[in-house]
Amino acid sequence: MSKPLIYKGRASISNAAGRFEKQSGHAEDDGWGSLDDDLPPLPTEIVVDNSKSLITYNDSPDIPFDRSINPYRGCEHGCIYCFARPTHAYLGYSPGLDFETKILVKPNAAELLRAELGKRNYRCAPLALGTNTDPYQPLERQQRIMRGILEVLAETRHPVSIVTKSALIERDIDILAEMARQGLASVCLSVTTLDRNLARTLEPRASAPQRRLDAVARLREAGVPVGVMVAPLIPVLTDYELERIVSAAHAAGALSAEYILLRLPLETAELFEEWLRHHFPLKAEHVMNRVRDSRGGKAYDAAFHQRLRGSGSYADLIAQRFGLIRKKLGMDRALPALRSDVFRKPEPSGQMSFDFFD
């Protein structure tokens, strides 16, 4: 049996073609030992995304927003469980290693956003960022696309909610704090596990768990409403940490807590199980059995409402545990509602109005 390719800092073990491709291939050990050697780091490739629009709209009944922005497609964080992996197949790439290494960037995102917010028929409502891929993934340090988006939202007094696994969000506290003061911004830090070693394997390029909690504390000190998202909660591997994660987030200053049960749509199921059987061979069957128990016997159930929390006795037990710890810590509330009544169309010049900081 051939050995899998393991690249340092990458979670995916394979790079199988997406479901729309007619041809596929896989690596084989030819006997020369190349797969036993340490592989060089797999570099990230930047691909310019020439999309003509930025805001995506949805009418899903189980999520609390109707519009979102994704500055990047693909994600360097490389979380093996990421439910967004299958979207790379639409681009002709693999949901495996390609998803982690071929990242589409939108360098003109701020200009696109300015144009869309300036349309005569645009009606303001909270924008969500980080709902698909992370806007604060490592590339953001150089690309600064998210920073540009926030500058436009600040100028126009447009409400925004952000979900991220990255402490890089601390860089933008200056903008977020002022927006929060006007009721225009809230943040959720996603925490999967408090086990640093597991996190390094599970989500190799995301911020370490403690750094995410540090970011919660810094944002709260700056007056930004912050919650924690235990996402995803993985049966057997991380479910025993549920109470510890919520308690740690509360101690860091988080105001609210939510969770999402592991979601494995399309190619994500095969990629996750491949990773699981390599890194946790003795637990793999147990994990997948629990996943299927909570998804009607399948790896995934895409039905609205079911997809986020699952169903069945295991899912019900998780919901009960979460409800108890959240109530005990006083985190059974939503973050403050964001204001949409102070929105103003962007200035034609593209310059931020100085009275924003008055």
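The paragraphs below set out a description of the structure included in this document. A quick note: this is a predicted structure, and the numbers were derived from the prediction, not measured.

1. Structural notes on the environment of Leu5
Right, so step 1: Along the chain, Leu5 turns up in the segment before strand S1 (45–48).
Right, so step 2: When its relative accessible area of 19% is taken as the criterion, Leu5 is described as buried.
Right, so step 3: Linking Leu5 and Asn15, residues ten residues apart in sequence, is a C-alpha distance of 9.6 Å.

2. Comments concerning the packing of aromatic side chains
Right, so step 1: Inspection of the entire model under this criterion finds four aromatic pairs.
Right, so step 2: By the ring-pair criterion, three or more aromatic residues cluster together here, those being Phe272, Trp275 and Phe280.
Right, so step 3: A cation over a ring is seen here: Arg263 above Phe83, with NZ or CZ 4.3 Å from the ring centre.
Right, so step 4: One Lys or Arg, Arg309, reaches over the ring of Tyr259 and ends 4.1 Å from the middle of that ring.

3. Topic: the nonpolar core
Right, so step 1: Grouped together as the largest cluster of nonpolar side chains are 64 residues, with contacts concentrated most on Leu113, Ile149, Leu150, Leu153, Ile162, Leu176 and Leu219.
Right, so step 2: A per-element tally of this core places helix H4 (residues 145–156) first, with seven residues.
Right, so step 3: Once you skip the residues sitting within four places of it in the chain, Leu113 turns out to touch Leu54, Ile55, Ile69, Leu127, Ile149, Val152 and Leu153.
Right, so step 4: Counting residues in hydrophobic clusters, the runner-up holds 23 residues, among them Ile80, Ala84, Leu276 and Val291.

4. Comments concerning the environment of Tyr136
Right, so step 1: Mapped onto the fold, Tyr136 is located in the loop between strand S6 (127–129) and helix H3 (140–143).
Right, so step 2: The buried category is assigned to Tyr136, whose relative accessible area is 0%.
Right, so step 3: For the pair Tyr136 and Thr101, spaced 35 residues apart in sequence, the C-alpha to C-alpha distance is 15 Å.
Right, so step 4: Dropping the residues within four chain positions of it, Tyr136 is found in contact with His77, Met146, Leu150, Ile162, Thr164, Ser166, Leu168, Ile169, Arg171 and Asp172.
Right, so step 5: Polar side-chain contacts of Tyr136 include one of 2.7 Å to the side chain of Asp172.

Cut-offs and rules
Residues numbered from 1 in each chain as written. Predicted model: local features only at pLDDT ≥ 70, side-chain atom pairs only at ≥ 80, totals over all residues. Heavy atoms only, no water. Helix = DSSP H or I, 4+ residues; strand = E, 2+ residues; numbered from the N terminus. Buried < 20%, exposed > 50% of the residue type's maximum accessible area, 1.4 Å probe, protein only. Phe/Tyr/Trp six-rings, centres within 6.5 Å; stacked < 30°, edge-to-face > 60°. Lys NZ or Arg CZ within 6 Å of the ring centre and 35° of its normal. Core = buried A, V, L, I, M, F, W, Y, C linked by side-chain atoms within 4.5 Å. Contact = heavy atoms within 4.5 Å. Polar contact = N/O pair within 3.5 Å; in protein donor to acceptor, adjacent residues only side chain to side chain.

Purely geometric numbers; function is a separate question.
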